[in-house]
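# Structural features, examined
Each chain, written out:
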Amino acid sequence: MADAAVEQEFGKGSGPWSMPIEQLDPSRPEYFLANEHGEYFRRLRKEDPIHFTPQSAFGAFWSITKFDDIVKVETNPGVFSSEPSIIIGDASDNFEPPMFIAMDPPVHDVQRLAASPAVAPQRLSELEDLIRQRAGVILDGLPVGESFNWVERVSKELTTQMLATLFDVPWEDRYLLPYWSDIATSAEAVGSTFDQAERQRIMFECLVYFQKLWVERAAAEPKFDFISLMAHNPQTKDMISNPLEMVGNLMLLIVGGNDTTRNSISGGVYFLNKNPGEYAKLKADPSLIPNMVSEIIRYQTPLSHMRRTAKEDFVLNGKQIKKGDKVVLWYCSGNRDETAIDNPDAFVIDRGRARHHISFGFGIHRCMGNRMAEMQLRVLWEEIMKRFENIELVQEPKRVLSNFVNGYEELMVRVHPRA
Ligand code: HEM
């Protein structure tokens, strides 16, 4: 598919290595859908690591493709702002509430601090048994002998249950969370035909739902769920008087933990099937699970990019970035940077320094839920290894058409219980 599109635009023989480099636009979602984006980024890292694309479906933008350059940009928020948006496209003018991932200090820092106790180490150890028990129930309910979609039955289910706990929403309402997350991100989804007026209506329902919970939590004893924490923190408790900001931040916490963890859970099953030698290592030594989890998250890179906007002119490695330019940090490329990571194209579950990856970003916006995500994956894999000899991939996955979320719509598998 990608080849055909490229050929149409640049003529026969074009491809990642033969098109004129100044025409290379690595943001094209069809490259990601076909899982062919890697070669475009390999060429950029080699020939033009800080690359300007003057025209694309998302406007003009700079691509930062090397690990160390991504870190340089992320550690300079004074020049490279997270406002107004952290995705390559321009925000739609339809319901784009403020949220702290798309804010700069000092407001960012205050709001992040208020929400972070929900995923602090102490809280995670309290939640581990619950996650283990829920993972067990999900795995014990899988249809042995049939092929089924792992994304729906396991990845989505476990992350939805976890989100319901982090927000402490009534159990019967839990499916509202991924539903709202999908609607919220539908404005950015490439090719989405979702009606924008309908999106606005549903987002308003979501706002009313959280407003009610916020008021209830503010009147009750403080607890460790996201809503209670923000409703009781002196710095954020008045957010209720700006309901858009309240719902924006709650949506950030839902969206942040939703697709990312879900796609890492699915990715692990896929990578082990594609690398039987690694699956054999895991079976021989399940104590490799924590290290494997980091490798899965690197290899998947669930979010392909984050974007910054230059607040002033700045020269980065000799390239003149102008005030107002979009600067896209391609994590999917940084994680395959051969000058930062040994043998980066290989999936190696016992790799040294496995946490040395850029999937969680870097600096003041580094993923707030990173330990939570790692814990969910670790516990799930521990429970999988107790039950199943093999999770067999029965066909190639259907991927998401996006240059932002790197994930799977469908991953068909069959499970083989241990004898
Ligand atoms: C920010 C990735 C799971 C909550 C981020 C960023 C990335 C990311 C790339 C932006 C970092 C930057 O700009 O430097 C991931 C991945 C995950 C994951 C790969 C799973 C494998 C989670 C979970 C939660 C969460 C489980 C919460 C329950 C957040 C929040 C932010 C964030 C609140 C904004 C932090 C800030 O702006 O200060 N995440 N995330 N994430 N993530 Fe995650």
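Residues numbered from 1 in each chain as written. Predicted model: local features only at pLDDT ≥ 70, side-chain atom pairs only at ≥ 80, totals over all residues.

### Observations concerning the overall build of the chain
Filter applied, for reference: The helix and strand labels rest on DSSP assignments: H or I over at least four residues marks a helix, E over at least two residues marks a strand, and numbering proceeds from the N terminus. In this scheme every C-beta is placed from the backbone, and a residue whose C-beta has 20 or more other C-beta atoms within 10 Å is buried, one with 12 or fewer is exposed, and one in between is partly exposed. Any residue pair is listed as a contact if its two C-beta atoms, each placed from the backbone, are within 7 Å.
Helix and strand content of the chain: 15 helices and twelve strands. Projected onto its principal axes, the C-alpha coordinates of the chain cover approximately 60 × 60 × 40 Å. Across the 419 residues of the chain, 43% fall into the buried class. Within the chain, residue pairs in contact and separated by at least 24 positions form 70% of the contacts whose partners lie at least 6 positions apart.

### Some points on the confidence of the model for the chain
Here is the rule we go by: Summary of the metric used: pLDDT quantifies the predictor's per-residue confidence within the range 0 to 100.
The share of residues in the chain with pLDDT of 70 or more is 93%, and the mean pLDDT across the chain is 92. For residues 9-13, every residue scores under 50 in pLDDT, and the model assigns this stretch four contacts once sequence neighbours within four places are set aside. Confidence estimates for the predicted assembly give a pTM of 0.94 and an ipTM of 0.99.

### A closer look at the sheet that holds strand 5 (residues 305-310)
To keep things clear, this is the line we draw: By the convention used here, strands pair only if DSSP detects at least 2 bridges between them.
The strand order across the open sheet built from five strands is 1-2-8-5-3, with neighbouring strands paired in mixed fashion. With partners counted over all chains shown, the strands left at the sheet margins are strand 1 (50-53) and strand 3 (80-81), one partner each. When strand 2 (residues 61-64) meets strand 8 (residues 326-330), the two strands line up parallel, connected through three bridges. In the sheet register, Ile-64 faces strand 8, and the bridge partner there is Leu-329.

### A short note on the nonpolar core
Applied cut-off: The nonpolar core is taken to be a set of buried Ala, Val, Leu, Ile, Met, Phe, Trp, Tyr and Cys residues joined by way of C-beta atoms within 7 Å.
If you look at the biggest cluster of nonpolar residues, it comprises 100 residues, and the most contacted ones within it are Phe-226 and Leu-250. At twelve residues, helix 11 (residues 243-274) tops the list of elements feeding residues into this core. Discounting chain neighbours no more than four positions away, the residues touching Leu-250 are Phe-210, Phe-226 and Ile-227.

### Observations concerning the pairing of strand 5
Strand residues, when the strand is regular, have side chains that alternate between the two faces of the sheet. Of all six residues making up strand 5, five are buried, and the element is well covered by its neighbours. Summarising the sheet, strand 5 and strand 8 pair through five bridges and their orientation is antiparallel. Opposite Arg-308, over in strand 8, you have Val-327 as the bridge partner.

### What about the site of the ligand?
So the rule is basically this: Nearness between a residue and a molecule or strand is assessed with a C-beta atom placed from the backbone; a distance within 6 Å qualifies. Ten residue types, Ala, Val, Leu, Ile, Met, Phe, Trp, Tyr, Cys and Pro, are classed as nonpolar, four, Asp, Glu, Lys and Arg, as charged, and the remainder, Gly among them, as polar.
Around the ligand there are 29 residues in total, and Gly-256, Gly-257, Gly-361, Cys-367 and Gly-369 lie nearest to it. Contributing elements (two or more residues each) for the shell around the ligand: helix 11 and helix 15 (370-387). Considering only residue class, the shell around the ligand consists of 16 nonpolar, ten polar and three charged.

### Side note on the pairing of strand 2
Taking every second residue as pointing to the same face, both faces of strand 2 are buried, with Phe-61 and Ser-63 on one and Trp-62 and Ile-64 on the other. When strand 1 meets strand 2, the two strands line up antiparallel, connected through four bridges. From the neighbouring strand, His-51 faces strand 2, where its bridge partner is Ser-63.

### Comments concerning the environment of Asn-258
Mapping Asn-258 onto the fold places it in helix 11. On a C-alpha basis, the gap between Asn-258 and Ser-181 in space is 7.5 Å, while along the polypeptide they are 77 residues apart. Excluding residues within four positions of it along the chain, Asn-258 makes contact with Thr-159, Leu-163, Pro-178 and Ser-181.

### Things to note about unusual backbone geometry
Residue Pro-84 follows Glu-83 across a cis peptide bond; omega there is 5 degrees. Here Pro-84 shows up in the loop between strand 3 and helix 5 (107-115). Looking along the chain, the bond that leaves Pro-105 and enters Pro-106 is cis, with omega of 5 degrees. For Pro-106, the location among the structural elements is in the loop between strand 3 and helix 5.

### What to know about the sheet that holds strand 9 (residues 388-393)
Pairing within the open sheet is antiparallel, and its three strands lie in the order 4-12-9. For this open sheet the edge positions go to strand 4 (148-149) and strand 9, each flanked by a neighbour on one side alone. Two strands pair when backbone bridges link them, and strand 4 and strand 12 (residues 412-417) are joined in this way by two bridges, in the antiparallel orientation. Its bridge partner lying in strand 12, Phe-148 is registered against Val-413.

### Quick look at the domain arrangement of the chain
To keep things clear, this is the line we draw: Boundaries between domains were set according to an automatic or database domain assignment.
The domain architecture assigned to the chain consists of domain 1 (1-48) and domain 2 (49-417). Centre-to-centre separation of domain 1 and domain 2, based on C-alpha positions: 26 Å. The partner domain 2 presents 21 residues to the 14 residues of domain 1 that form the contact. Those elements giving two or more residues to the side of domain 1 that touches domain 2 turn out to be helix 2 (29-33) and helix 3 (37-47). Here the element with the most residues in the side of domain 1 that touches domain 2 is helix 3; it accounts for five residues.

### Thoughts on the packing of helix 6 (residues 121-140) against helix 15
Rules: The axes used here are C-alpha line fits, helices contributing only the stretch in contact, and every angle between their N-to-C directions lies in the interval 0 to 180 degrees. A clockwise turn of the near helix away from the far one marks a right-handed crossing, whereas an anticlockwise turn of less than a right angle marks a left-handed crossing.
Viewed as axis vectors pointing N to C, helix 6 and helix 15 meet at an angle of 35 degrees, and their least axial separation amounts to 9 Å. In this structure, helix 6 crosses over helix 15, and the sense of that crossing is right-handed. Touching Pro-121, Leu-124, Glu-128, Ile-131, Arg-132, Ala-135, Gly-136 and Leu-139 of helix 6 are Arg-371, Met-372, Met-375, Gln-376, Val-379, Leu-380, Glu-383, Ile-384 and Arg-387, all from helix 15. Class assignment for the residues of the contact of helix 6 with helix 15 results in ten nonpolar, two polar and five charged.

### Examining helix 11
Put simply, the rule reads: Take the number of residues in a helix, subtract one, and multiply by 1.5 Å to get its expected span.
For helix 11, built from 32 residues, the straight-helix expectation of 46 Å at 1.5 Å per residue is met to within 8% by its first-to-last C-alpha distance of 46 Å. With 27 of 32 residues buried, helix 11 lies mostly within the body of the structure.

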